[in-house]
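# Summary of the model geometry
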Amino acid sequence: MPRLLADTGVIFGRHLRATLRSKTNMLFGMLQPLLFLALFGPLLTGLSVGDGGSSWQTLVPGLLVQLALLGGSFVGLGIMMDRHLGVIDRMRVTSMHPQALLLGRVLRDVVQLVAQSVLLVLVGLAFGLRAPVPGVLIGIAFVAVLAAALSALSYGLAMNVGSTPEFAAITNTAMLPLMLLSGVLLPMSLGPAWLDAVSRAVPFRYTVDAVREAFLGHYAGGAVAGGAAVTAALAVLCFFAGARLFHRART
């Protein structure tokens, strides 16, 4: 365990420094949710979104989950260059703990997405978002768990596909319908009954509903507990699947 923690810290530090040096990557990683906040959010002002709160208490939690979905799913693109250049192979033959190669990267992704989530909430406050601090912290915790799970799965997938376009095609095809059906922009309860029913098969919907309830201050409700249970189960499944794919891949 001490060796695993130490090696994870080394990988984490290496990739965090690379992230901090890439100002363009950090900027564009936040651009899409901020554009939704600035250009889509005002359209909802004054409208009844059916959850008892303001439109910002509906949109901002959804954008937080969207940030985790998109940010976590596409991080595998970053490892494909290392894989093709033989960096992963060289690291594997060192004395470094094999689990650290994945955990260090995942930890970097979580830190980056949590920082972006805090920035998104602060910008939301400037637009008119009002939410209790515990609710915001619960929402960011959901983002961290979801980001860790999807990052691990993304790295596992990236280690097993042949090219960057192939990885992008698989990820886009899978994430776009899942993201839309999760109701990140508007509650799915506002849609037709058949679409609402279909969306209940998407686990991310329960995460979105839980974060929205937390932003409303409804911590003891079934939506938060149910969302936490579904998100935790999904995180365990994604993380172990991603770790298995990552360590069994032949580069």
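As shown above, the structure is provided for reference.
This write-up is about the structure you can find in this document. (Residues numbered from 1 in each chain as written. Predicted model: local features only at pLDDT ≥ 70, side-chain atom pairs only at ≥ 80, totals over all residues. Heavy atoms only, no water.)

### A short note on the nonpolar core
Ranked by internal contacts, the top residues of the largest apolar core, which has 38 residues, are Leu37, Leu69, Leu146, Phe204 and Phe215. Of all the elements in the fold, those that place two or more residues in this core are helix H2 (23–44), helix H3 (56–73), helix H6 (100–127), helix H7 (133–158), helix H8 (164–181), helix H10 (203–215) and helix H11 (222–248). Broken down by element, the residue count for this core peaks at nine residues, all from H3. If we ignore the near neighbours within four places in the chain, the residues touching phenylalanine 215 are Gln57, Val60, Pro61, Leu64, Val121, Leu129, Arg130, Ala131, Pro132, Gly135, Val136 and Gly139. Counting 23 residues, the second-largest nonpolar core is a separate cluster that includes Val75, Leu101, Tyr155 and Phe167. (Core = buried A, V, L, I, M, F, W, Y, C linked by side-chain atoms within 4.5 Å. Buried < 20%, exposed > 50% of the residue type's maximum accessible area, 1.4 Å probe, protein only. Helix = DSSP H or I, 4+ residues; strand = E, 2+ residues; numbered from the N terminus. Contact = heavy atoms within 4.5 Å.)

### Points about the environment of leucine 113
With respect to the helices, strands and loops of the structure, leucine 113 is situated in helix H6. Residue classification places leucine 113 among the buried positions, given a relative accessible area of 4%. A sequence separation of 34 residues divides leucine 113 from alanine 147, and the C-alpha atoms of the two residues are 7.3 Å apart. Sequence-distant contacts of leucine 113, that is, excluding residues within four places in its chain, are made with Leu67, Gly71, Gly72, Val143 and Ala147.

### Structural notes on the environment of leucine 181
Tracing the backbone through its elements, the reader meets leucine 181 in helix H8. Taking the C-alpha atoms as reference points, leucine 181 and alanine 220, 39 residues apart in sequence, are found 25 Å from one another. If sequence neighbours within four positions are ignored, leucine 181 has contacts with Met188, Leu195, Val198, Ser199, Val202 and Arg205.

### So, the pattern of salt bridges
Counted according to the given criterion, the structure contains six salt bridges. Between aspartate 109 and arginine 108 there is a salt bridge, and its shortest N-O distance comes to 2.8 Å. Put simply, arginine 200 and aspartate 196 hold a salt bridge, and the shortest N to O gap is 3.4 Å. Owing to a relative accessible area of 44%, arginine 200 belongs among the partly exposed residues under this scheme. Taking the relative accessible area as the measure of exposure, aspartate 196 reaches 14% and is therefore buried. (Salt bridge = Lys/Arg side-chain N within 4 Å of Asp/Glu carboxyl O.)

### Overview of the side chain of arginine 205
Looking at the element boundaries, arginine 205 is found in helix H10. Judged by its relative accessible area of 5%, arginine 205 is buried. Within polar-contact distance, the side chain of arginine 205 engages the side chain of serine 199 at 2.5 Å. Residues within four places of arginine 205 in sequence aside, it is in contact with Leu181, Ser182, Met188, Ser189, Asp196, Ser199 and Arg200. (Polar contact = N/O pair within 3.5 Å; in protein donor to acceptor, adjacent residues only side chain to side chain.)

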